[in-house]
Amino acid sequence: MNLTLKIWRQQNAKASGAFVTYQVQGVTPDMSFLEMLDLLNENLQAKAEPPVAFEHDCREGICGACGFLINGVAHGGRRGTTVCQLSMRFFKDGDSVTLEPWRARAFPVLRDLAVDRSPFDRIIQAGGFITAPTGGAPEANNILVPKDSAETAFDAAACIGCGACVAACPNAAAMLFTAAKVTHLNSLPQGQPQRDRRTLSMVAAMTNEIFGSCTNHGECEAVCPKKIPIEFIGKMNRDLIHATLHHRGD
Amino acid sequence: MLESKIPSGPIEKKWEKARFDFKLVNPANRRKHSVIIVGSGLAGAAAAASLAQQGYRVDCFCFQDSPRRAHSIAAQGGINAAKNYRNDGDSIFRLFYDTVKGGDFRAREGNVYRLAQLSVNIIDQCVAQGVPFAREYGGLLDTRSFGGVQVSRTFYARGQTGQQLLLGAYQALEEQEAAGSVKMHSRSEMLDLVLVNGKARGIITRNLVTGAIDSYAADVVVLATGGYGNVFYLSTNAKGSNATAIWRAHRRGALFGNPCFTQIHPTCIPVSSEHQSKLTLMSESLRNDGRVWVPKKQGDTRPPSQIPEDERDYYLERRYPSFGNLVPRDVASRAAKEVCDELRGVGPGGQGVYLDFADAIRRMGEAQVREKYGNLFDMYEEITGENAYKVPMRIYPAVHYTMGGLWVDYNLMSTIPGLFVAGEANFSDHGANRLGASALMQGLADGYFILPYSLPNYIASSPLEKVDTSHPAFAATKEEVSRRVATMVNVRGKRSVDSFHKELGKMMWENCGMARSEQGLKSNLEKIPALREEFWKNVNIVGTGEELNQSLEKAGRVADFLELGELMCLDALQRRESCGGHFRVESQTPEGEALRDDEHFSYVSAWEWKGEGGQWELHKEPLTFEYVHLAQRSYK
Ligand SMILES: Cc1cc2nc3c(=O)[nH]c(=O)nc-3n(C[C@H](O)[C@H](O)[C@H](O)COP(=O)(O)OP(=O)(O)OC[C@H]3O[C@@H](n4cnc5c(N)ncnc54)[C@H](O)[C@@H]3O)c2cc1C
Ligand code: FES
């Protein structure tokens, strides 16, 4: 099949960008979306034009490197799918497809479809961990974890840090990302000692980065490739109230 | 030259003895010492966090935008540990025994025993960090069994064990970064190693956003940069996985151990077209309940549902009645290749075999199969458009892991003083074939529990003069790196980087993949240098070195693969025996199984770089077996 692609081209963080239209021919349904872009890039390079920069690594939906907007929707809108997992089976001959980078003040564009997501690392630094220096751990089965808690923790820990939630949010908030990590660690017995501090400082770090604030649109849940449920935001807010009351006057 | 430094004494006391003999660094002095760690996967992140906790100043590097994206994140199935929680006869000795045997007797007993000992500490450590392992209803840890063994010792977190273990290590790393003990350098690719007076004292990197070439100095350098399966172009590895760091170190004097030992994983989704950019692994755990078969008849094109039971060949169950579908990877992969070579393969091009869940669904119901493997079935459907609850999956072997890597001694130090190598990047522990769920174990053992002892010992026992990046060695190496980058960019030829990579990959797959012959290897040894020469004359990289340039990044990696590929073939050629994943067609039993030749090849091959143009010298580290008796492996 043949496709028309409108792609955001921007040489670097300082340059101004614009959409450029390309035609790609010979796309087959068994290609992945990124393989279709590989094909475009081979063609561009053959004409000595710079290939489109986009991030990717695992190409199987787990590293969180890939991600951009396809026709305005993060990862293209197939439920539970990252861009790299998106198959060209879902497109048809003659389709016109628009590709642009995550749009969020906290994620400046580096080049074309690649953005800087380092604020996520800084939110984790603020408290997204359980302090357990190497060597001091007790025998693993001395810590009993109820199956439900383990399951909730896992559901939250499945976050791949791709940034789709931020890109989809009308306010560019990072609530779902932060809530996922808070929920993962706060659901486990091992996470209890640092629970309040973790919640307070991760929320504070999120606010310090230039993310917007959550007004319950729910767009984040809809685009999350790992189907992280929005109820985790409610959970985090409850933990936050608890922690705030507890630590008043600290 | 090759001193393995394995401590004397009984095997279960060796590591204890080593730790006692190690010199310690006074806590007050640790801040004065700096460590460079290249790589933030399980091995790198675990080492960086642990050494920073001890008080060393750590600089950690990765090429991705965040350390959390290291390729370890993709591991699915699980991690082994000799906890014996199942009361099924497991023990440290059994894990040790299984690993030495699984590796077809080409690993060091001392190393493997230590790995088995440390396995139990790893689970403790990860649980304390909050890794959400699967649990039983009573709250205890759950386990499952994996290929090549008969006990249930694999701990897992759904189908995303690597992700969860890596996030545990990453979070520990981020905690240390917040504390100021680690400085993380993301989007930085190491392009060379700097030696001062014969010791590793720093690295040269390229900033992948600005293109700046930077120098970093330290007392010790650790490479934890993962495996080099991408030599084959198509593999289960992430697209960015590369050999550059270890290859540059090799060229600076680090010996390369067993380069030809490659693992081909039996359960991957078959190649669908020329445009394919990578291969997707279907976790080996599927072999616990899926049955592998092909039609008995050649060229049988009937849909699987119309092939009656008695016209199916469940060839693994037939050939290996005691292990059946759970034989080790090398055995399962080779068997799949054989049936496809007999023209009994299924799917497009006949390059596939069925992995059938019909019996499992009948036995335990679709709901339970879904609970166990749902995410894998979904993934399979996303990629192939087929519903594996209704039709059998099609699978085929794919390059997955490299047992070879930089040669290291028992302390994980390479032949360059001060250069340590951890995780998949080193050659240790797995011999000629790695058992499932053992790479995560090894990476974390290296990072959490071995380097934090052996590296301080080096610091405490070596005279380390003060060196910073103003030392002339840095300027000289940096100059070489800059020149190489500029030369590559300025070729301005006609062929894309990928086209070179694909051509190399094809040659490697055909002649240095699942079956290797003298003739095939010799043909590769002629063709690879020619391809390399063409690369430097005709590669096309658009843009400059002073910007974010992904073609340039790829080109640097492919240039190194074009050298490493040659060494792999050379190594495969000299090893005229079959062992583990290395199958020389000239060396097989009458039943077609791999035939080892212990009399002549019971050694680690360690290659020394002797200059451009395919010059290497082979050194041999003899292997002796005191605890596990050398025997022809049998899974019958
Ligand atoms: C799909 C898949 C599934 C797997 N499943 C399992 C499993 O279930 N169980 C199991 O035990 N094993 C499994 N493995 C194997 C296992 O995941 C790997 O062997 C292991 O994670 C490697 O860890 P590592 O720390 O050595 O390297 P990696 O995780 O590969 O990390 C390498 C690091 O080095 C950095 N790096 C590389 N080159 C450079 C450079 N030049 N400059 C700067 N930084 C660099 C990268 O950025 C990265 O941070 C699987 C592998 C694959 C491919
Ligand atoms: S490339 Fe890893 S999630 Fe898409």
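Residues numbered from 1 in each chain as written. Chains lettered and ligands numbered in written order. Predicted model: local features only at pLDDT ≥ 70, side-chain atom pairs only at ≥ 80, totals over all residues. Heavy atoms only, no water.

With respect to the overall build of chain A
Phase 1: Across its full length, chain A holds 8 helices and 7 strands.
Phase 2: Across the 250 residues that make up chain A, the buried fraction comes to 58%.
Phase 3: The long-range fraction of contacts in chain A, counting pairs at least 24 apart against all pairs at least 6 apart in sequence, stands at 70%.
Phase 4: Placing the 24 positive and 25 negative side-chain charges of chain A at their respective mean positions leaves the two points 4 Å apart. (Helix = DSSP H or I, 4+ residues; strand = E, 2+ residues; numbered from the N terminus. Buried < 20%, exposed > 50% of the residue type's maximum accessible area, 1.4 Å probe, protein only. Contact = heavy atoms within 4.5 Å. Lys, Arg positive; Asp, Glu negative; His and termini not counted. Charge placed at Lys NZ, Arg CZ, Asp CG, Glu CD.)

Remarks on the overall build of chain B
Phase 1: The helix and strand inventory of chain B stands at 16 helices and 21 strands.
Phase 2: For 636 residues, the compact-globule formula gives about 26 Å, and the C-alpha radius of gyration of chain B, at 24 Å, lands near that figure.
Phase 3: When its C-alpha atoms are laid out on the principal axes, chain B stretches across 75 × 60 × 50 Å.
Phase 4: Expressed as a percentage of its 636 residues, the buried residues of chain B come to 67%. (Rg over C-alpha atoms; globule rule 2.2 N^0.38 Å.)

Considerations on the pattern of salt bridges
Residue and element names in this part refer to chain B.
Phase 1: Under the counting rule described, the total for this entry stands at 71 salt bridges over all chains.
Phase 2: Among the ionic pairs, Lys 83 bridges to Asp 124, the shortest N-O distance being 2.6 Å. Of this pair, Lys 83 sits in the loop between strand 3 (79-80) and helix 4 (92-102) while Asp 124 sits in helix 5 (residues 109-129), and the two are 41 residues apart along the sequence.
Phase 3: Here Arg 86 ties to Asp 142 by a salt bridge, and the two come within 2.7 Å at their closest N and O atoms. Here Asp 142 lies in the loop between helix 5 and strand 4 (154-155) and Arg 86 lies in the loop between strand 3 and helix 4, a separation of 56 residues in the sequence.
Phase 4: Since its relative accessible area comes to 37%, Arg 86 is described here as partly exposed.
Phase 5: One continuous salt-bridge network, built from bridges that share partners, spans Asp 104, Arg 106, Asp 330, Arg 575, Glu 577, Arg 596, Asp 598 and Arg 633. (Salt bridge = Lys/Arg side-chain N within 4 Å of Asp/Glu carboxyl O.)

Observations regarding the nonpolar core
Phase 1: In terms of nonpolar packing, the biggest core is built from 240 residues, with Ile 79, Phe 133, Leu 223 and Leu 419 of chain B touching the most fellow members.
Phase 2: The element best represented in this core is helix 15 (residues 550-574) of chain B, accounting for 12 residues.
Phase 3: If we ignore the near neighbours within four places in the chain, the residues touching Phe 133 of chain B are Ala 150 of chain A together with Ile 79, Ile 123, Cys 126, Val 127, Leu 141, Phe 155, Tyr 156, Ala 157 and Leu 165 of chain B.
Phase 4: Core analysis: the next-biggest nonpolar cluster, separate from the first, contains 27 residues, Leu 3, Leu 5, Ile 7 and Phe 68 of chain A among them. (Core = buried A, V, L, I, M, F, W, Y, C linked by side-chain atoms within 4.5 Å.)

Considerations on the interface of chain B and chain A
Phase 1: The interface of chain B with chain A comprises 73 residues on the first partner and 77 residues on the second.
Phase 2: When chain B packs against chain A, the two sides together hide about 6,000 Å² of surface, and 48% of this comes from carbon and sulfur.
Phase 3: Taken together, the links from chain B to chain A amount to 8 salt bridges.
Phase 4: Between Glu 382 of chain B and Arg 78 of chain A there is a salt bridge whose closest N-O contact spans 2.8 Å.
Phase 5: Joining chain B to chain A, the criterion identifies 53 residue pairs in polar contact (both at pLDDT 80 or more).
Phase 6: At the level of secondary structure, the elements contributing two or more residues to the side of chain B that touches chain A comprise helix 3 (42-54), helix 5, helix 6 (161-178), helix 10 (358-384), helix 11 (439-461) and helix 15 of chain B.
Phase 7: Take the side of chain B that touches chain A: its biggest share by element is 9 residues, from helix 6 of chain B.
Phase 8: For the side of chain B that touches chain A, the residue count by class is 26 nonpolar, 29 polar and 18 charged. (Buried area = accessible area lost by both parts, 1.4 Å probe. Polar contact = N/O pair within 3.5 Å; in protein donor to acceptor, adjacent residues only side chain to side chain. Nonpolar A, V, L, I, M, F, W, Y, C, P; charged D, E, K, R; others polar.)

Details of the domain arrangement of chain B
All names here are of chain B.
Phase 1: Taken domain by domain, chain B comprises domain 1 (11-23 + 34-261 + 403-461), domain 2 (265-398) and domain 3 (479-611).
Phase 2: Once you take the C-alpha centre of each, domain 1 and domain 3 turn out to be 24 Å apart.
Phase 3: The partner domain 3 presents 51 residues to the 41 residues of domain 1 that form the contact.
Phase 4: Put simply, domain 1 and domain 3 have 7 salt bridges between them.
Phase 5: With its nearest N and O atoms 2.7 Å apart, the salt bridge here joins Arg 596 to Asp 104.
Phase 6: Inspection of the domain 1/domain 3 interface yields 20 residue pairs in polar contact (both at pLDDT 80 or more).
Phase 7: When residues of the side of domain 1 that touches domain 3 are traced back to their parent elements, those giving at least two are strand 6 (188-196), strand 7 (199-207), helix 7 (244-251) and strand 10 (256-257).
Phase 8: Among the elements that line the side of domain 1 that touches domain 3, the one with the most residues is helix 7, at 5 residues. (Domains from an automatic or database assignment.)

Some remarks on unusual backbone geometry
Phase 1: One non-glycine residue, Asn 71 of chain A, lies in positive phi territory at about 50°.
Phase 2: Turning to its location among the elements, Asn 71 of chain A is positioned in the loop between strand 3 (69-70) and strand 4 (73-74).
Phase 3: By relative accessible area, which is 44% here, Asn 71 of chain A ends up partly exposed.
Phase 4: Unusually for a residue other than glycine, Asp 429 of chain B sits at a positive phi of about 70°.
Phase 5: Residue placement: Asp 429 of chain B occurs in the loop between strand 17 (419-421) and helix 11.
Phase 6: Note on Asp 429 of chain B: relative accessible area 5%, which makes it buried.

Regarding the site of ligand 1
Phase 1: Close to ligand 1 lie 39 residues, the nearest being Gln 64, Ser 72, Met 190, Glu 424 and Leu 440 of chain B.
Phase 2: Mapping the residues near ligand 1 onto chains gives chains A and B.
Phase 3: One of the side-chain nitrogen or oxygen atoms of Ser 72 of chain B is found 2.5 Å away from an oxygen atom of ligand 1.
Phase 4: One of the backbone N or O atoms of Gly 78 of chain B is found 2.9 Å from a nitrogen atom in ligand 1.
Phase 5: Listed by contribution, the elements that provide at least two residues to the shell around ligand 1 are helix 3, strand 6, strand 15 (393-402) and helix 11 of chain B.
Phase 6: At 3 residues, the largest contribution of residues to the shell around ligand 1 is made by strand 6 of chain B.
Phase 7: Residue classes in the shell around ligand 1 are distributed as 17 nonpolar, 18 polar and 4 charged. (Near = heavy atom within 4 Å.)

A short note on the sheet that holds strand 2 (residues 18-24) of chain A
Residue and element names in this part refer to chain A.
Phase 1: Spatially, 2-1-5-3-4 is the arrangement adopted by the 5 strands of the open sheet, whose pairing is mixed. Two strands in the sheet have a free side with no partner beyond their single neighbour: strand 2 and strand 4.
Phase 2: Here strand 1 (residues 3-9) pairs with strand 5 (residues 96-100) via 4 bridges, running parallel. When the bridges of strand 5 are listed, Leu 5 appears paired with Val 97. (Pairing = 2+ DSSP bridges.)

Examining the sheet that holds strand 5 (residues 182-185) of chain B
All names here are of chain B.
Phase 1: The parallel open sheet is built from 5 strands, whose spatial order is 5-2-1-9-17. Bordering the open sheet on either side are strand 5 and strand 17, each of which pairs with just one other strand. The sheet shows a mean angle of 20° between the axes of neighbouring strands, direction not considered.
Phase 2: Summarising the sheet, strand 2 (residues 57-61) and strand 5 pair through 4 bridges and their orientation is parallel. Among the inter-strand pairings, Cys 60 is bridged to a residue of strand 5, identified as Met 184. (Axes fitted to C-alpha atoms, helices over the stretch in contact; angles between N-to-C directions.)

Here's the deal with the pairing of strand 14 (residues 353-356) of chain B
Residue and element names in this part refer to chain B.
Phase 1: Side chains of strand 14 alternate between two faces, with Val 353 and Leu 355 and Tyr 354 and Asp 356 buried alike.
Phase 2: Across 3 bridges, the pairing between strand 14 and strand 15 is antiparallel. Of the residues in strand 15, the one forming a bridge with Tyr 354 is Arg 394.

A word on the domain arrangement of chain A
Residues and elements named next belong to chain A.
Phase 1: For chain A, the domain assignment lists domain 1 (3-111) and domain 2 (118-246).
Phase 2: On a C-alpha basis, the centres of domain 1 and domain 2 stand 29 Å from each other.
Phase 3: Across the boundary between the two partners, domain 1 contributes 19 residues, which contact 19 residues of domain 2.
Phase 4: Overall, the association of domain 1 and domain 2 removes approximately 1,500 Å² of surface from exposure, summing both partners, and the carbon and sulfur fraction of that is 65%.
Phase 5: In terms of surface lost to domain 2, no three residues of domain 1 exceed Arg 79, Ala 106 and Phe 107, which account for 34% of the buried area on that side.
Phase 6: The tally of links from domain 1 across to domain 2 stands at 2 residue pairs in polar contact (both at pLDDT 80 or more).

Digging into the packing of aromatic side chains
Aromatic ring pairs are described here by two measures, namely the spacing of the ring centres and the angle between the planes.
Residues and elements named next belong to chain B.
Phase 1: One pass over the structure, following the stated rule, counts 34 aromatic pairs over all chains.
Phase 2: Between Trp 293 and Tyr 354, the ring centres sit 4.7 Å apart and the planes meet at 45°, which makes this aromatic pair tilted. Of this pair, Trp 293 sits in strand 12 (residues 291-295) while Tyr 354 sits in strand 14, placing them 61 residues apart in sequence. Across the pair, exposure class does not vary: Trp 293 and Tyr 354 are buried alike.
Phase 3: An aromatic cluster of three or more residues is present, and its members are Tyr 228, Trp 247, Phe 256, Trp 609 and Trp 616.
Phase 4: Taking NZ or CZ as reference, Arg 114 lies 4.8 Å from the ring centre of Trp 15, over its face. (Phe/Tyr/Trp six-rings, centres within 6.5 Å; stacked < 30°, edge-to-face > 60°. Lys NZ or Arg CZ within 6 Å of the ring centre and 35° of its normal.)

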